[in-house]
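# Structure at a glance
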Amino acid sequence: MSERVVLRVKGRVLVGADEVRDELWVVDGRITYDRPVGARDVRTVEGWALPGLVDAHCHVGLGPDGPVPRDVAEKQALTDREAGTLLIRDAGSPSDTRWADDREDLPRIIRAGRHIARTRRYIRGFAHEIEPEDLVAYVAQEARRGDGWVKLVGDWIDRDLGDLSPTWPRDAVEAAIAEAHRLGARVTAHCFAESSLRDLVEAGIDCVEHATGLTDDLVPLFVERRVAIVPTLVNIATFPRLAAGGESKYPRWSAHMRRLHERRYDTVRGAYDAGVPVFVGTDAGGTLPHGLVADEVAELVTAGIPAVEAVAATSWKARAWLGRPGLEEGAPADLVVYEADPRADVRVLAAPRRVVVNGRVVDGA
């Protein structure tokens, strides 16, 4: 990594979807649009600059079997950084990643604590597995441990039913969400199926992950309550493989997963068209590799979201939603520079020319 110097980013600086400047400067790790007086050691980077990308559903410190060692978690974060992801909402992890806060070369992490699931109703080793009477207490615990978010598992396969079903009764989630809000935390939930959504939204949930079960009759409720979705389409692409693996034991579940997959693009486009906030998340960690942010943006475009809005969903709008700055005067200099305008072709996002973290250019990115 280079020594800290005055940095000039020249070309087209995309402060917002419609706000473009010709250059910015980085002094002492902070952005300024005023040329520094007397600067002698200046490094210039040219291209199209965006705020550091956001992966709003990512799991640093999580592997296929649960927590991973610190060196593996570090590699995960570095892989995301190389892809241009400089802000992560860690949507559930059993690992303590607070050590990363002291590293100026890594993405910033907004933690949602550890997943909270019903007993035997989630992936083994990932979550606190509890019963409804303990939900409020565990939500309070994770609200205090996290960075303003809590993650519930809203539905999962019910082995007796042989299909997806809600994991929590309505009164339990109402009390739990109210407690999280009292403590200043927002709540999100893993939801694949249709049946879990209404209770969660009417109970006050702030976001839904995946949201493959979002139907036309529920969309107005999401719009009214301003409930965001993070579709994780690169993860939903795995549904046919999962369905095939469960076909013999759970044929009803397998058929349901295939239906959710088949209408995934229509689901996302319908939500976007109606005004539901949509953000980029990859579901990296667990079984999916890190560094897939550009792939997820491309999937949103395939679903029918305009390119500029798909870019916004991983940059300006996503940062505002998470309460983090973009390329404003005085903000930390976390940005990515590209060869061309990603608003014209989102495939550009797959090849960052330069990544700048805390005002330092990451050489080789």
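Scroll up a little and you will see the structure.
Presented here is a report on the structure given in the accompanying data block. (Residues numbered from 1 in each chain as written. Predicted model: local features only at pLDDT ≥ 70, side-chain atom pairs only at ≥ 80, totals over all residues. Heavy atoms only, no water.)

A word on the overall build of the protein. Along the protein, the regular secondary structure elements total twelve helices and 20 strands. Expected size for 365 residues packed as a compact globule is a radius of gyration near 21 Å; at 21 Å, the protein falls within 12% of this value. Taking the principal axes of its C-alpha atoms as reference, the protein extends roughly 70 × 40 × 35 Å. In the protein, buried positions account for 57% of the 365 residues. Put simply, the protein shows about 14800 Å² of open surface, and 47% of that area lies on carbon and sulfur atoms. Between the mean site of the 48 positive side-chain charges and the mean site of the 58 negative ones, the protein shows a separation of 2 Å. (Helix = DSSP H or I, 4+ residues; strand = E, 2+ residues; numbered from the N terminus. Rg over C-alpha atoms; globule rule 2.2 N^0.38 Å. Buried < 20%, exposed > 50% of the residue type's maximum accessible area, 1.4 Å probe, protein only. Areas by Shrake-Rupley, 256 points an atom, 1.4 Å probe, with all protein chains shown as cover. Lys, Arg positive; Asp, Glu negative; His and termini not counted. Charge placed at Lys NZ, Arg CZ, Asp CG, Glu CD.)

Turning to helix H7 (residues 239-246), its buried residues are Phe 239, Ala 243 and Gly 246. Down the axis of H7, the buried set is contained in an arc of 70 degrees. They therefore lie on one face. Facing away from the buried side of H7 by more than 90 degrees, the exposed set consists of Arg 241 and Gly 245. For H7, the elements touching its buried residues are helix H6 (233-236) and helix H8 (251-262). (Arc of directions from axis to C-beta. Contact = heavy atoms within 4.5 Å.)

Here seven strands make up an open sheet; going across it, the order is S3-S2-S1-S4-S18-S19-S20 and the pairing mixed. If you trace the sheet from one side to the other, it starts and ends with strand S3 (30-32) and strand S20 (360-362), each paired once. Each neighbouring strand pair of the sheet contributes to a mean axis angle of 40 degrees, computed without reference to strand direction. Bridge analysis of strand S19 (residues 354-357) against S20 gives three bridges, and the strand direction is antiparallel. Among the inter-strand pairings, Val 355 is bridged to a residue of S20, identified as Val 362. (Pairing = 2+ DSSP bridges. Axes fitted to C-alpha atoms, helices over the stretch in contact; angles between N-to-C directions.)

Counted by the stated rule, this structure contains six aromatic pairs. Ring-pair connections join several aromatic residues into one group, and the members of that group are Tyr 122, Phe 126, Trp 156, Phe 192 and Phe 239. The ring of Tyr 33 is capped by Arg 21, whose NZ or CZ atom sits 4.1 Å from the centre of that ring. Directly above the ring of Trp 149 sits Arg 89, whose terminal nitrogen or CZ lies 4.6 Å from the centroid. (Phe/Tyr/Trp six-rings, centres within 6.5 Å; stacked < 30°, edge-to-face > 60°. Lys NZ or Arg CZ within 6 Å of the ring centre and 35° of its normal.)

So, about the packing of helix H9 (residues 264-274) against helix H10 (residues 293-303). The contact between H9 and H10 brings their axes to 8 Å, and the two run at 85 degrees. Here H9 lies roughly perpendicular to H10, going by the angle between them. Residues Tyr 265, Val 268 and Arg 269 of H9 touch H10, and the partners they reach there are Glu 299, Leu 300, Thr 302 and Ala 303. (Parallel < 35°, antiparallel > 145°, perpendicular 65-115°, else oblique.)

What follows covers the packing of H7 against H8. Between H7 and H8, the shortest axis-to-axis distance is 8 Å and the interhelical angle comes to 170 degrees. In this view, H7 runs roughly antiparallel relative to H8, as classed from their interaxial angle. Every residue of H8 that contacts H7 at Phe 239, Pro 240, Leu 242, Ala 243, Ala 244 and Gly 246 is listed here: Pro 251, Trp 253, Ser 254, Met 257, Arg 258, Leu 260 and His 261. Broken down by class, the residue content of the contact of H7 with H8 amounts to nine nonpolar, three polar and one charged. (Nonpolar A, V, L, I, M, F, W, Y, C, P; charged D, E, K, R; others polar.)

Any functional reading would require information beyond the geometric quantities listed.
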